[in-house]
Amino acid sequence: MNGGAAEAALLTEMKRLAPPTVRLGCRMIGPNDEALLLPDEVAAITSRQPAARRASGTARSLVRCLLALEDAEEGPIGRSPAGAPLWPRGFVGSLAHDAEMAVAAIARSVHVPSLGIDVEPAEPLPDDIAALVLTSGDVLSGIDARFATRVLYSAKEAAYKAAYPLDGEILGYEHINVDLARREAVTAGGRRMRLSFCTLPRVVVLAAAVNG
């Protein structure tokens, strides 16, 4: 599947995930996408790994396109001291990438308190990593068993991204309980997130923090 077809196939599935107030997008990582970084973004991204800088360029360019659809002020997507993306006033969002694809989600903060997104290849999670991620409070029913632990991993990554801007707490996998059957995640501090996800052509999980 070529890049354009891969993007179209994933975007079709991602559009099923989002509430009406959330914009989602995806984009294949190109060989020269580090050139898409704005000067302030170049300064903020400390990684010297070419692959990481290319992926950051793809993801931030995608975010700027989504923000333009909301008539948001154009500008760089910087990084906080903790490494989280910095969003324009009045917006929340999240971005992620695997080795080939970048994804992003944005929304106005009046509609959603915080968002988290993650993308993973559509393949089983290695057993040694699954053993670290899965805890007694997790529920994996209601999903294809081949991808259950991969979705769990991605859900905890997305949930952490949604929770951190609100609570400022560093969380491990053991601090987030995920119920894939009920499509929800809850942190040890009681922060609740709605989950939505697809498993093909890639695993993508969106976490949206719940008010209250």
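That block above? That's the structure.
Worth saying up front: this structure is predicted, and the values here are computed from it rather than measured. (Residues numbered from 1 in each chain as written. Predicted model: local features only at pLDDT ≥ 70, side-chain atom pairs only at ≥ 80, totals over all residues. Heavy atoms only, no water.)

## Observations regarding helix α1 (residues 3-14)
Between its terminal C-alpha atoms α1 stretches 16 Å, which fits the 16 Å expected from 12 residues at 1.5 Å a residue. Taken together, the buried positions of α1 are occupied by A6, L10 and M14. Summarising the axial view, the buried residues of α1 lie within an arc of 65°, below the 170-degree limit, and thus occupy one face. In this fold, the buried residues of α1 make contact with β1 (22-28), β3 (101-108), β4 (115-121), β7 (192-198) and β8 (202-209). (Helix = DSSP H or I, 4+ residues; strand = E, 2+ residues; numbered from the N terminus. Expected span 1.5 Å × (residues − 1). Buried < 20%, exposed > 50% of the residue type's maximum accessible area, 1.4 Å probe, protein only. Arc of directions from axis to C-beta. Contact = heavy atoms within 4.5 Å.)

## Considerations on the side chain of S56
In this fold, S56 is placed in helix α3 (residues 50-69). Overall, the relative accessible area of 13% leaves S56 in the buried class. S56 has contacts with L37 and I45, leaving out every residue within four places of it along the chain.

## Considering the pattern of salt bridges
If you walk through the whole model with that rule in mind, you get 13 salt bridges. Here K156 makes a salt bridge to D138, at a shortest N to O gap of 2.9 Å. Here K156, found in helix α5 (residues 148-167), pairs with D138, found in the loop between α4 (127-133) and α5; they are 18 residues apart in sequence, far enough to count as distant. Here K156 matches D138 in class, with each residue buried. (Salt bridge = Lys/Arg side-chain N within 4 Å of Asp/Glu carboxyl O.)

## Remarks on the sheet that holds β4
Here five strands make up an open sheet; going across it, the order is β4-β8-β7-β6-β5 and the pairing antiparallel. Here the strands that pair on one side only, and so sit at the sheet edges, are β4 and β5 (176-179). Sheet twist, expressed as the mean angle between neighbouring strand axes with direction ignored, is 20°. By the bridge criterion, three bridges tie strand β6 (residues 184-187) to β7 in an arrangement that is antiparallel. Bridge pairing links E184 to R194 in β7. Helix-sheet contacts for α1 involve β4, β7 and β8, and the interaxial angle to β8 is about 35°. Packed on one face of the sheet, α5 meets β4, β5, β6, β7 and β8 and runs near 155° to β4. (Pairing = 2+ DSSP bridges. Axes fitted to C-alpha atoms, helices over the stretch in contact; angles between N-to-C directions.)

## Side note on α5
Counted at 1.5 Å a residue, the expected span for α5 with its 20 residues is 28 Å, and the 27 Å between its end C-alpha atoms agrees. Just downstream of α5 lies G168, where phi reads positive at about 65°.

## Digging into the pairing of strand β2 (residues 91-97)
In the case of a regular strand, side chains alternate between the two sheet surfaces. The buried count for β2 comes to six of seven residues, which makes it a mostly enclosed element. Note: β2 against β3, seven bridges, orientation antiparallel. Residue pairing in the sheet places H97 in a bridge with A102 of β3.

## Overview of the sheet that holds β3
Strand order in this open sheet of three strands is β1-β3-β2, and the pairing throughout is antiparallel. Both edges of this open sheet fall to β1 and β2, since each of them pairs with a single strand only. On average, each strand axis in the sheet is inclined to that of its neighbour by 15°, with strand direction left out of account. On top of the sheet, α1 reaches β1 and β3; it is set at about 160° to β1, its chief contact.

## Remarks on the packing of aromatic side chains
This structure, assessed with the given rule, holds two aromatic pairs. On the numbers, 5.9 Å between centres and 45° between planes, the contact of Y153 with Y173 is tilted. Remark: Y173 occurs in the loop between α5 and β5 and Y153 occurs in helix α5; sequence separation between them is 20 residues. Exposure remark for Y173: the relative accessible area of 24% places this residue in the partly exposed category. (Phe/Tyr/Trp six-rings, centres within 6.5 Å; stacked < 30°, edge-to-face > 60°.)

## Some details on the environment of L195
Relative to the elements of secondary structure, L195 occurs in strand β7. The exposure class assigned to L195 is buried, which follows from its relative accessible area of 6%. Residues L195 and E184 lie 11 residues apart in sequence; the distance between their C-alpha atoms is 5.1 Å. Those residues in contact with L195 that lie beyond four places of it in its chain are A155, V178, R183, E184, A185, V205, L206 and A207.

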